[in-house]
Amino acid sequence: MTWLTSAFFALFSFGLWGFFSKFSVMHLDAKSALVYQTLGVLLTGLLMLCFMKFKPAVDTKGISFALLTGVAYGIGCFFYLMAASKGKLITVVTLTALYPLITMLLAYWLLKESITFKQCIGIILAISAIVLLSS
């Protein structure tokens, strides 16, 4: 499977995630919704473990960063669910979908990756979108 095919599957899956989240917080509080969502992720992880014949790669740094990724995801999901339970889904999902800005800035500052002129324009437009969406 190519990276582009994978990216489209991720796009579709994340779109469903954002949509189904609203339904969960219409019937549950955000903390409970996060617990059940986490169980869904756990089921997915167990399925993946089965596909790997219970032999995942082992590397201390990789495991540490993967765990940090999970913690950041869990915290982000909790606050997303809180926002989705109180705000319009269209605004909440659009605003939180701008998370690549954080990734880009961290990559620029910490990994010393360059940002092109076009990407700078995109960052400025994304920040403008935040201002427009939050008003």
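The coordinates are above.
Since the model is a prediction, treat every value here as computed from it, not as a measurement.

*Asks:* Can you break down the side chain of Ser-21 residue by residue, with the values?
*Replies:* Positionally, Ser-21 belongs in helix H1 (residues 3-27). Ser-21 gets classed as buried once you look at its relative accessible area, which sits at 3%. Within the local environment of Ser-21, its side chain forms a polar contact with the backbone oxygen of Trp-17, the two atoms lying 2.7 Å apart. In this view, Ser-21 contacts Gln-37, Tyr-80 and Leu-81; residues no more than four positions away in its chain are not counted.

*Asks:* Describe the side chain of Gln-37, naming the residues involved and giving the relevant values.
*Replies:* Mapped onto the elements of the fold, Gln-37 is located in helix H2 (residues 30-51). Non-local contacts of Gln-37, meaning those with residues more than four positions away in its chain, are made with Trp-17, Ser-21, Tyr-73, Cys-77 and Leu-81.

*Asks:* Outline the packing of H1 against helix H3 (residues 60-86), supporting the account with residue identities and numerical values.
*Replies:* At a minimum axis distance of 9 Å, the contact between H1 and H3 shows a crossing angle of 60°. Between H1 and H3, the crossing angle belongs to the class labelled oblique. The two elements H1 and H3 meet at a crossing, and its hand is right-handed. Contact residues: H1 offers Trp-17, Gly-18, Ser-21, Lys-22, Ser-24 and Val-25, while H3 offers Tyr-73, Cys-77, Tyr-80, Leu-81, Ala-84 and Ser-85. The class makeup of the residues in the contact of H1 with H3 is seven nonpolar, four polar and one charged.

*Asks:* Can you tell me about the packing of aromatic side chains, naming the residues and giving the values?
*Replies:* According to the stated counting rule, one finds four aromatic pairs in the structure shown. On the numbers, 6.2 Å between centres and 50° between planes, the contact of Phe-19 with Phe-20 is tilted. One aromatic cluster is present, built from ring pairs that chain together Phe-19, Phe-20 and Phe-23.

*Asks:* Tell me about a nonpolar patch on the surface, and please be specific about residues and values.
*Replies:* On the surface, Leu-28, Val-35, Tyr-36, Leu-39, Leu-42, Leu-43 and Leu-46 cluster together into a nonpolar patch covering about 680 Å² of accessible area. Turning to its location among the elements, Leu-43 is positioned in helix H2.

What counts, and at which threshold
- Residues numbered from 1 in each chain as written.
- Predicted model: local features only at pLDDT ≥ 70, side-chain atom pairs only at ≥ 80, totals over all residues.
- Heavy atoms only, no water.
- Helix = DSSP H or I, 4+ residues; strand = E, 2+ residues; numbered from the N terminus.
- Buried < 20%, exposed > 50% of the residue type's maximum accessible area, 1.4 Å probe, protein only.
- Polar contact = N/O pair within 3.5 Å; in protein donor to acceptor, adjacent residues only side chain to side chain.
- Contact = heavy atoms within 4.5 Å.
- Axes fitted to C-alpha atoms, helices over the stretch in contact; angles between N-to-C directions.
- Parallel < 35°, antiparallel > 145°, perpendicular 65-115°, else oblique.
- Left-handed = near helix turned anticlockwise from the far one by under 90°.
- Nonpolar A, V, L, I, M, F, W, Y, C, P; charged D, E, K, R; others polar.
- Phe/Tyr/Trp six-rings, centres within 6.5 Å; stacked < 30°, edge-to-face > 60°.
- Patch = residues over 30% accessible without salt bridge, like charges linked within 9 Å, V, L, I, M, F, W, Y side chains within 5 Å.
- Areas by Shrake-Rupley, 256 points an atom, 1.4 Å probe, with all protein chains shown as cover.
- Salt bridge = Lys/Arg side-chain N within 4 Å of Asp/Glu carboxyl O.

So yeah, pure geometry; function would need other evidence.
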